[in-house]
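Observations on the three-dimensional arrangement
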Amino acid sequence: MSSSTAPRKGSPSPAHPALRWSNWNLLLIVPLVALVTPLYNKEEPRLLGFPLFYWLQFLFIPLGVLCVAVVYHKTRNVGGPVDRDAVDGDAVGGALR
């Protein structure tokens with residue numbers, strides 16, 4: 001067993017990065033409205049000749065990207081910096097040093 005996989009002295013035990021939670025994650029519910037098509041399966045109002053169904057789906061694309069980007073930037077360092085050796089192991093991090 002390699003000593004580099006054990007937690008370092010004085011550092012908190014590494015938690016799996018996918019298990020952290022933030023209230024910012026709730027923002028990811030907004031793009032899910034695009035999946036509930038009966039809410040906007042209508043022809044009126046039209047925008048540039050396109051029925052509501054089509055132009056609203058095109059609007060959901062940048063809205064979804066924006067929501068994911070905000071959540072990513074707000075939650076990427078929740079709980080402090082990530083110890084790369086604890087997450088990746090020495091196979092990747094040690095070879096590059």
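All chains use their own residue numbering, which begins from 1 and follows the written sequence. Given that the model is predicted, a residue must reach a pLDDT of at least 70 before its local features are reported, and side-chain atom pairs must reach 80 or more before they are shown or counted; all residues, however, enter totals for whole chains, interfaces and linings. Hydrogens and water are ignored here; the side-chain numbers use all heavy atoms of the structure.

Another aspect to go through is the overall build of the protein. Assigned secondary structure in the protein consists of three helices and zero strands. Helix and strand assignments follow DSSP, with helices taken as H or I runs no shorter than four residues and strands as E runs no shorter than two, numbered in order from the N terminus. Counting from the amino terminus, the protein carries its helices and strands in the arrangement α-α-α. The classification of residues rests on relative accessible area computed with a 1.4 Å probe and restricted to protein chains. Under 20% of the type maximum is buried, over 50% is exposed, and intermediate values are partly exposed. Buried residues in the protein amount to 14% of all 97 residues. Should any heavy atoms of two residues lie within 4.5 Å, those residues are considered in contact. Look at the contacts in the protein between residues 6 or more apart in sequence, and 55% of them connect residues 24 or more apart. Areas reported here follow the Shrake-Rupley algorithm with a probe of radius 1.4 Å; residue values treat only the protein chains shown as occluding. On the protein, roughly 7,900 Å² of surface is accessible, and the fraction owed to carbon and sulfur atoms is 67%.

Here Leu52 shows up in helix 1 (residues 52-75). Each residue touching Leu52, except ones within four places of it in the same chain, is listed here: Tyr40, Lys42, Glu43, Glu44 and Pro45.

All right, on to the pattern of salt bridges then. For this document, the term salt bridge refers to a Lys or Arg side-chain nitrogen within 4 Å of an Asp or Glu carboxyl oxygen. This structure, assessed with the given rule, holds two salt bridges. Salt-bridge contacts for Glu43 lead to Arg46; the nearest nitrogen and oxygen are separated by 3.0 Å. The residue Glu44 makes a salt bridge to Arg46 at a minimum N-O spacing of 3.7 Å. What makes Arg46 partly exposed here is its relative accessible area of 41%. What you see here is one network of salt bridges that share partners, running through Glu43, Glu44 and Arg46.

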